[in-house]
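Summary of structural features
Next come the chains, spelled out residue by residue.
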Amino acid sequence: MAARHGSSPVPQPDGGRDGLLHKERGPSPALCRLARSLPDVCPKEPTGERRGLCDGPSVVAEHDPWTVYSSKVNLPAALNDPRLAKREVDFFTKTWGLDFAETEVMPSFYLANITREHFTSYLQDTTQRERIHERCKTICPIKDDDMDAVSSISTSQEKSRAELEQVPKIFMRPDFALEEPSTFSAVLPWSHFNSASGKGSRDVASSKLLQEKLSHYLDVVEVSIARQISLRSEAFFHAMSSQHELQDRLKETQQAVAVLRRRTAAIDRVMCQGPLQALRAALTRNNLVKLHNKLKLMAAVHQTQPTVQLLLSTSEFVGALELIATTKEVLQQELQGIHSFRHLGSQLCELEKLIDKMMVEDFSMYARSELNRSLREEPQVLEKERLQSLVFGLLRQRKLDFLDIYSDEMIAAAKAIVSQCVAERLLNIDDIDTEVVTKLTDQMRLMTFPQWFDLLKDVFDSFLIFLQRMKATLSVITVVVLEVVESNQKAFFMEKSSFEELGEESTRAVSLTRGETELAYLTHEGLFISDALIEAQQHQDHAHQETLSRRPDADSASGSREQNFMSGDMMPSDLELNQVLSTIQELLHAASDISHDRCVKVITARAKDGCLERLSLADFVGLSVAVEDFAKDTEELCGRRSVSLRGALQSQANRFVHRFHEERKTKLSLLLDNERWKQAEVPAEFQELVDSMADGRITLLARKAAGPDDRKPSEFLLVDGQKYAVVGTVLLLIRMFLEYCQCTNDIPSISPDILTRLSDLLKHFNSRSCQLVLGAGALQVVGLKTITTKNLALASRCLQLVVFYIPVIRRHFESKLQSKHFSVLRHFDHITKDYSDHIAEIWAKLVAIMDSVFEKVLSKYEVKAPMPSSCFRNVCKQMAKMHKAINDLLPEEQTQMLFVRINSSFKMHLKRQLARLCVINDGGPQHGLVVVDVAFYVENVQVLKNLDRLDLNMAEIWEQKR
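Report on the accompanying structure. Being a predicted model, the structure only gives us computed values, none of them experimental.

Cut-offs applied
Residues numbered from 1 in each chain as written. Predicted model: local features only at pLDDT ≥ 70, side-chain atom pairs only at ≥ 80, totals over all residues. Heavy atoms only, no water. Helix = DSSP H or I, 4+ residues; strand = E, 2+ residues; numbered from the N terminus. Buried < 20%, exposed > 50% of the residue type's maximum accessible area, 1.4 Å probe, protein only. Contact = heavy atoms within 4.5 Å. Areas by Shrake-Rupley, 256 points an atom, 1.4 Å probe, with all protein chains shown as cover. Expected span 1.5 Å × (residues − 1). Patch = residues over 30% accessible without salt bridge, like charges linked within 9 Å, V, L, I, M, F, W, Y side chains within 5 Å. Salt bridge = Lys/Arg side-chain N within 4 Å of Asp/Glu carboxyl O. Phe/Tyr/Trp six-rings, centres within 6.5 Å; stacked < 30°, edge-to-face > 60°. Axes fitted to C-alpha atoms, helices over the stretch in contact; angles between N-to-C directions. Parallel < 35°, antiparallel > 145°, perpendicular 65-115°, else oblique. Nonpolar A, V, L, I, M, F, W, Y, C, P; charged D, E, K, R; others polar. Core = buried A, V, L, I, M, F, W, Y, C linked by side-chain atoms within 4.5 Å.

**Some thoughts on the overall build of the chain**
Across its full length, the chain holds 31 helices and 2 strands. Across the 962 residues of the chain, 36% fall into the buried class. Taking contacts inside the chain between residues at least 6 apart in sequence as the whole, the part at least 24 apart equals 77%. By element, 55% of the accessible surface of the chain is carried by carbon and sulfur atoms, the whole surface being about 57400 Å².

**So, unusual backbone geometry**
With an omega of 0°, the peptide bond between Ala865 and Pro866 qualifies as cis. Within the secondary structure, Pro866 sits in the loop between helix H28 (826–858) and helix H29 (870–886). Residue Pro868 is bonded to the preceding Met867 through a cis peptide linkage, with omega at -5°. Mapped onto the fold, Pro868 is located in the loop between H28 and H29. Even without being glycine, Asp720 reaches a positive phi, approximately 55°. By the secondary structure assignment, Asp720 is in the loop between strand S1 (717–719) and strand S2 (722–724).

**Brief notes about helix H24 (residues 728–746)**
For H24, spanning 19 residues, the distance from its first C-alpha to its last is 27 Å, which sits close to the expected 27 Å at 1.5 Å a residue. Burial analysis of H24 places 15 of its 19 residues in the buried class, which makes it a mostly covered element.

**Overview of a nonpolar patch on the surface**
A cluster of nonpolar side chains, Ile114, Phe119, Tyr122 and Leu123, forms an exposed patch at the surface whose accessible area comes to about 410 Å². Considering the arrangement of structural elements, one finds Tyr122 in helix H3 (residues 120–139).

**Section: the packing of aromatic side chains**
Evaluation of the coordinates by the stated rule reveals 16 aromatic pairs. Each ring, one from Phe171 and one from Phe176, has its centre 5.6 Å from the other, and the planes form 45°; the classification is tilted. Overall, Phe171 belongs to the partly exposed group, its relative accessible area being 29%. Ring geometry for Phe449 and Trp452: centres 6.0 Å apart, planes at 35°, overall tilted. Taken together, the positions of Phe449 and Trp452, both in helix H15 (residues 449–500) and 3 residues apart, correspond to about one turn of that helix.

**What to know about the packing of helix H25 (residues 751–774) against H28**
Running from amino to carboxyl end, H25 crosses H28 at an angle of 10°, the nearest separation of the two axes being 10 Å. Judged by the inter-axis angle, H25 sits roughly parallel to H28. In this structure, H25 contributes Leu755, Ser759, Leu762, Lys763, Phe765, Asn766, Ser769, Cys770 and Leu774 to the contact, and H28 contributes His827, Phe828, Ile831, Asp834, Tyr835, His838, Glu841, Ile842 and Lys845. In terms of residue class, the contact of H25 with H28 is built from 9 nonpolar, 5 polar and 4 charged.

**Regarding the pattern of salt bridges**
Using the criterion set out here, one finds 15 salt bridges in the structure. A salt bridge links Glu245 to Arg249; the shortest N-O distance between them is 3.1 Å. Residue Glu245 and its partner Arg249 are both found in helix H7 (residues 233–272); the two are separated by 4 residues, about one turn of the helix. Note on Glu245: relative accessible area 42%, which makes it partly exposed. For Arg249, a relative accessible area of 53% gives the class exposed.

**Regarding the nonpolar core**
Trp452, Phe466, Leu910 and Tyr937 are the most contacted members of the largest nonpolar core, which totals 182 residues. Per-element tally for this core: the top contributor is H15, with 19 residues. If we ignore the near neighbours within four places in the chain, the residues touching Phe466 are Leu371, Leu375, Met410, Ala413, Ala414, Ile417 and Ser595. Counting 7 residues, the second largest nonpolar core, distinct from the first, contains Val330, Leu331, Leu335 and Leu344.

**Quick look at the environment of Leu214**
You can see Leu214 is positioned in helix H6 (residues 201–231). You can call Leu214 partly exposed: its relative accessible area is 28%. Each residue touching Leu214, except ones within four places of it in the same chain, is listed here: Phe171 and Leu188.

Just geometry here; none of it tells us what the structure is for.
Here is the structure:
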């Protein structure tokens, strides 16, 4: 039990590693604390003021021998403690002391936590064997001897249990307390003995019987206790024998310690007194050397301020800051407490603040001069070394907001660019007096469009040079920050490797400082040698820390500027450096946005009076191309898609499209109001335009130079092998929607808006033409006498031509639109349906015209000679007139379809009239006359062009014979 004490009583035969007997120290402070809390085993001996790690007995001084009577805890008391719920079986594993019986043994950290999973493989291996064993048990009966032993044990246990069951349960209750009245009355029922008649012989007999019963209960319990003690007697004897063995070992240990102390006193007397003088002299010399080095360090620190002034004169901010940081570190570590340097620390702090202010001002001046220099110079970084030095110094001082200064200067420079470009452009314009017109916006509005467009190009070029210059400067700053990040990583890996080499260095340091350890051991004047060893170990640890701290200094002394930078105490972290990098990228993005915003102001200043809305298509396309090129250049340069300039252009484009559409819609309305709906000749240029559309070029053709044109106009417009008779308005309408398509080619961003406007234009043409032709509005507007069938057929053919080109236009816009705008293409479906309905109404109108003719003529039809009758002659004449009007305008298929419907109408009216005249198919005279008229009608219709294959079966006109 005493072996757990903080010292080892047995001397080492080999004398230890260094030939000295070291006092062992526990593995943790908890064990040392336990060793100091045992006054009953090892009473504290008188010591000096200084003590070691533990207050154990002296190795040299003698003290009173310890006996078992010195212990304040005895074994029987510990074993028979009635407060314990069960017997303690592990008292030999506990630390001896006042808390012997109650001390808990902490589980070992070196033993794994065993769970059922650790036995899984074992149980799987033994499962089969266990089954075989159980099967054998059922087959092989138990021997008689074993049966007797088992039966005797079970019989004794059952007998003991039966005897204990005789004892009332009240004595076995855990809350049994005889002092309580209820419990006392239940155990000793005195109420039976105290009756009103007094105590009699019967009561005496009852009390004796009760006494015998309680005595019997006591005997039963004592017998049971004796039986249990007999079963555990072997454990008691084993514990007593272990105690005697422990006392013998303690006695041997005491004798060994006494021998060791005598030998140590002899060594101190014979071998140590003489050499100690020489060792003390060596220590004195070492102290003097340290003092001399300290004085040289003080002299170097004294020269710090002049050296800093010299470095600042050459703008070496990083070197000056490094020197200040090194000096402050030396003052805090090596020269702490030196009275002559008590004000130097505050002076260095003030000097450091001054350097910070100088660097900020210098960086602000550099940014201003760099951003405001002439834009005609090359976009290269001037004084690159100066910029790198400033950025290194600002990063070292954690002045990470220096980019805000650059941002402010960038905004001011961007504002000045527009003013500078306007001033340079006005030098070449004599019509604008800058003294009278002072505002930039007014000056730009007074320029002509070519002059203003040249100014806008100059602004674009200036901002591109400005952004290139900014990007070059920010690239230098980025390179510096990346170097600092790389230096951070190098320093981290160097520190990691230093810690890995610490084990080897500590081993070498032990061998190098062993002499100092022995010297400290021998020259220690206290009573405990352990205190001297502790001091030597602390000195050794301090030496290791100094060695480790000197390694980075040596590396930094031989490194570059980045390595010197990393040795500063105010070194920014990788997270902060990454934030600086992201700020640089955001600053470049902000420069792109500001450039676009300034250009937007130039555009909005010009567009204030609606000047940009009145531009021609070519001029507006040129403006759009210039803006888009500038936006793409800035996006490629800065990696940022700025939307303000494109948004301003889109706004102007919407106004331009609105004006563009209103002009053409008004022009179309005027053309329709003056259209007489007569077939027009098709000029050669329109035929070329249609032919180019057939080749897939949905665009306007370049206008040829003015001059005589020998090409003759044609009567029809040839489209996809078909002839279209058209009016002049439709030709101009084709040119109009090609102009809309040309807008989408030149300005793709306005495709959704231009498509909506084009659909409105087509709807307007359809509705207005319907009003003028079907609604007979042309009678009042143009002054036509009547709307003829030729007018109707010509209108139908014009509408068919527009319907033919709607899918072509749709495919063109579908190639220009983004997928999110495909929903606007549904306008073409509605337009196609409207046009088809309009064409169907025109055809119905043509059929209705002939239907009214048939009704009027056939209502006067009489079946009588001469034949053919005048009614049929008149019908054939109107049919021929209708055919002559539409035959040249409509294709053959449509003409046949139209006359099929007209023939059906004729047969319906003729059948109705014959029914009214009661003419039936009976072969009579009237039937014969009607047959002659019908044959005349068929002959005249089949003579007409393109109607020779028309089905003229007239069998449907006859009523069947009754």
